[in-house]
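Structural features, examined
As a plain string of letters, each chain reads:
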Amino acid sequence: MADEITKKRNLKSLWIVLAFVSLFVIVLLPETEALPVAGQRALAILAFAVILWVTEAVPYPVSSAMILALIAVLLGLAPSMEDATVSMGTNNALKLALVGFSSSSVALVGAALFLATAMQITNLHKRIALWVLSMVGTKTKALVFGAILVSIVLAFVVPSATARAGAVVPILLGVVAAFGLAKESKLAALLIITATQAVSIWNIGIKTAAAQNLVALGFINSEFDVNISWGEWFLYAAPFSIIMSFVLFFVMIKLIKPETDNITGGRDVIREQLEELGTLKRKEITLIIVSLLLLFFWATEGKFHPFDTTTITILAIAFLLLPKIGVFTWKEASARIDWGTLIVFAVGISLGTTLLNTKGAAWLSDTIFGTLGLQSMPIIATIALVTVFNIVIHLGFASATSLASALIPVFIALALSLPMPVENQIGFVLIQQFVICFGFLLPVSAPQNMLAYGTGTFTTKDFLKSGIPLTLVGFILILLFSATYWKWLGLLP
């Protein structure tokens, strides 16, 4: 065991060294006319970040601090973008490094973390999951449907994929145990994989369901000065997620044959857990009302009121923190929130903004896609090629937020080079963000996958069996929607 730990530490040290070597090699490469020095250094920092993100050689918040320092120093000593005879200066570079912290998307992620914490403190997310499962019955197919339905319902009110998985997985394990089956049983694998894949599917369908969506929207808002409302996102993406949910149901019931078709003790376990929660408490009722109001205001943004998603969510959190009438205190909330997530999110936006502002993203886009002649291809062919690239790259990332930080600026630069109106360029980027949410193939493809994998109910091979057909169908649906539905809505030409 000690040898294993030592090996892992040595390997992590090796990755850190490789990250710094890659950084300095790119920084020291000969300058080119097509790429400003600041852009070259931004790409060096991106290479450094990607190695640390993919290998997880250091915790994400630690890599974020390193990225901030590198942007401030390396870009601060680089020639200014406006006047190459003077340096940018560390003060200006630091402003660029910290730009992500002033993004409204970061504020929304922070508010979402508070909302997810409120659900956990009050146990409302668990009660909702139990309510749904109590209604679907105890037949195996009904439980598979229930696992999907719970993930859908929670996606509307719990803006954290990991929190949703954390609510559903223990309940499903309890149902399996009620029938006297081990957690390594086929039934356990069937239910846990289903719930986890459903969480990923609905990361696509709902704007506030996943942090990586807000990363993309932050870049889109910054580059195009366009705000995509909760309702618009839902209109674009929910039909895709609905179809994928049906696909998931049929894939799972065909893929894994459980030991039984009916869990006779399952309903008793659910009833017992609901009884343990007791009657609805005042704080739960308050949170239900606030959540429903949030859904209403999110869905009607820009139609019935002038408030954007971020402002509405912050107002809701402020109310929930009020003494006497709120549902939690600052001390309770701050102790449960992973503040590192917020830092990683903000730094990801800063790095992406740096790549865009220094022309590093445009150069990288030209280098990766320029030789393919995408500008002369039909838009469907372009989407097909870029989507395949996106899916393959995702295999190396454990965080969709980091993946969005790395790729969305590149996709924006690519979209700007395509001969189509601005609204279609935005649509192109948005579609690639949907693909970034996939995470169906491997347990390491998303945090919620790793949470489920940690239960020991399934193997990587089991997960891959479900992930391959889901990814293939998702790819086909991306192309089909691009040729029809999204075109009809004006997202694509």
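Residues numbered from 1 in each chain as written. Predicted model: local features only at pLDDT ≥ 70, side-chain atom pairs only at ≥ 80, totals over all residues. Heavy atoms only, no water.

Time to look at the overall build of the protein. Within the protein, the regular secondary structure consists of 23 helices and 0 strands. The C-alpha radius of gyration computed for the protein amounts to 23 Å, which stays within 12% of the reference 23 Å derived for 493 residues, consistent with globular compactness. Seen along its three principal axes, the alpha-carbon backbone of the protein occupies a region of about 75 × 60 × 50 Å. Nonlocal contacts in the protein, meaning residues at least 24 apart in sequence, comprise 76% of its contacts between residues at least 6 apart. When the accessible area of the protein is evaluated, it comes to approximately 20,400 Å², of which 68% is carbon and sulfur surface. If the 29 positive side-chain charges of the protein are averaged to one point and the 25 negative ones to another, these points end up 9 Å apart. (Helix = DSSP H or I, 4+ residues; strand = E, 2+ residues; numbered from the N terminus. Rg over C-alpha atoms; globule rule 2.2 N^0.38 Å. Contact = heavy atoms within 4.5 Å. Areas by Shrake-Rupley, 256 points an atom, 1.4 Å probe, with all protein chains shown as cover. Lys, Arg positive; Asp, Glu negative; His and termini not counted. Charge placed at Lys NZ, Arg CZ, Asp CG, Glu CD.)

Here we take up the pattern of salt bridges. Following the criterion strictly, the structure yields 2 salt bridges and no others. Among the salt bridges present, the one from Arg127 reaches Glu284, with a minimum N-O distance of 2.6 Å. Taken together, the positions of Arg127 in helix α6 (residues 124-136) and Glu284 in helix α13 (residues 282-299) put the pair 157 residues apart, joining distant regions of the chain. Arg271 is paired through a salt bridge with Glu275; the nearest N and O atoms lie 3.9 Å apart. Here the residue Arg271 and the residue Glu275 both occupy positions in helix α12 (residues 266-277), the gap between them amounting to 4 residues, near one helical turn. For Arg271, a relative accessible area of 41% puts it in the partly exposed group. Overall, Glu275 belongs to the exposed group, its relative accessible area being 55%. (Salt bridge = Lys/Arg side-chain N within 4 Å of Asp/Glu carboxyl O. Buried < 20%, exposed > 50% of the residue type's maximum accessible area, 1.4 Å probe, protein only.)

Below, the discussion takes up unusual backbone geometry. Even without a glycine there, the phi angle at Glu56 is positive, about 50 degrees. Tracing the chain through its elements places Glu56 in the loop between α2 (37-55) and α3 (60-76). According to the relative accessible area criterion, Glu56 is partly exposed, its value standing at 38%. Residues other than glycine seldom take positive phi values, yet Asn123 does so here, at roughly 65 degrees. By secondary structure assignment, the location of Asn123 is in the loop between α5 (104-122) and α6. According to the relative accessible area criterion, Asn123 is partly exposed, its value standing at 29%.

In this section: α13. Taking 1.5 Å per residue as the helical rise, α13 with its 18 residues ought to reach 26 Å, and the 26 Å between its terminal C-alpha atoms agrees with that figure. Regarding α13, the residues found buried are Glu284, Thr286, Leu287, Val290, Ser291, Leu294, Leu295 and Trp298. Packed against the buried residues of α13 are α5, α6, α7 (140-157), α11 (230-255) and α14 (309-320). (Expected span 1.5 Å × (residues − 1).)

Moving on, we get to the environment of Ser80. Tracing the chain through its elements places Ser80 in the loop between α3 and α4 (90-97). The spacing of Ser80 and Val37 is 43 residues in sequence and 8.8 Å in space, taken between C-alpha atoms. Not counting residues within four places of it along the chain, the set of residues in contact with Ser80 comprises Val86, Ser87 and Met88.

Here the focus is the nonpolar core. Ile45, Phe240, Ile408, Phe428, Leu430 and Trp486 are the most contacted members of the largest nonpolar core, which totals 172 residues. Among the elements that take part in this core, α11 stands out by supplying 13 residues, more than any other. Once residues within four sequence positions are removed from consideration, Ile45 is found in contact with Leu23, Ile67, Leu70, Ile71, Leu74, Leu75 and Leu351. (Core = buried A, V, L, I, M, F, W, Y, C linked by side-chain atoms within 4.5 Å.)

This next bit is on the side chain of Thr387. Of note, Thr387 is situated in helix α18 (residues 379-394). Residue class for Thr387 comes out buried when judged on its relative accessible area of 0%. Among the polar contacts listed, one links the side chain of Thr387 to the backbone oxygen of Ile383, at a separation of 2.6 Å. Leaving out residues up to four positions away in the same chain, Thr387 has contacts with Gln432, Val435, Phe475 and Ile478. (Polar contact = N/O pair within 3.5 Å; in protein donor to acceptor, adjacent residues only side chain to side chain.)

Mapped onto the elements, Pro61 comes out in helix α3. On the basis of relative accessibility, which here comes to 35%, the residue Pro61 falls in the partly exposed class. When the C-alpha positions of Pro61 and Gln433 are compared, they lie 23 Å apart, and in sequence the two are 372 residues distant. If we skip the residues at most four places from it in the chain, Pro61 touches Gly340 and Val344.

Right, let's talk about the packing of aromatic side chains for a bit. Any aromatic ring pair is given by two values, namely how distant the centres are and how the planes are angled relative to each other. Counting across every chain of the model gives 24 aromatic pairs. On the numbers, 6.4 Å between centres and 25 degrees between planes, the contact of Phe20 with Phe24 is stacked. Taken together, the residues span about one helical turn, with Phe20 and Phe24 both in helix α1 (residues 2-27) at a distance of 4 residues. Their ring planes at 80 degrees and their centres at 5.2 Å tell us that Phe369 and Phe389 sit as a pair that is edge-to-face. Taken together, the residues span a long stretch of sequence, with Phe369 in helix α17 (residues 360-369) and Phe389 in helix α18 at a distance of 20 residues. With relative accessibility at 3%, the residue Phe369 sits in the buried group. Residue Phe389 is classed as partly exposed on the basis of its relative accessible area of 22%. (Phe/Tyr/Trp six-rings, centres within 6.5 Å; stacked < 30°, edge-to-face > 60°.)

An ideal rise of 1.5 Å per residue puts 26 Å on 18 residues; α7 measures up with 26 Å between its terminal C-alpha atoms. Across the 18 residues of α7, 13 count as buried, placing the element largely inside the fold.

Close contact between helix α19 (residues 400-417) and helix α20 (residues 422-436) brings their axes to 9 Å; oriented N to C, the two are set at 155 degrees. Judged by the inter-axis angle, α19 sits roughly antiparallel to α20. Crossing of α19 against α20: the hand is right-handed. Counted together, Ala400, Leu403, Ala404, Leu407, Ile408, Phe411, Ile412, Leu414, Ala415 and Leu416 of α19 and Gln425, Phe428, Val429, Gln432, Gln433 and Ile436 of α20 form the full contact between these two elements. (Axes fitted to C-alpha atoms, helices over the stretch in contact; angles between N-to-C directions. Parallel < 35°, antiparallel > 145°, perpendicular 65-115°, else oblique. Left-handed = near helix turned anticlockwise from the far one by under 90°.)

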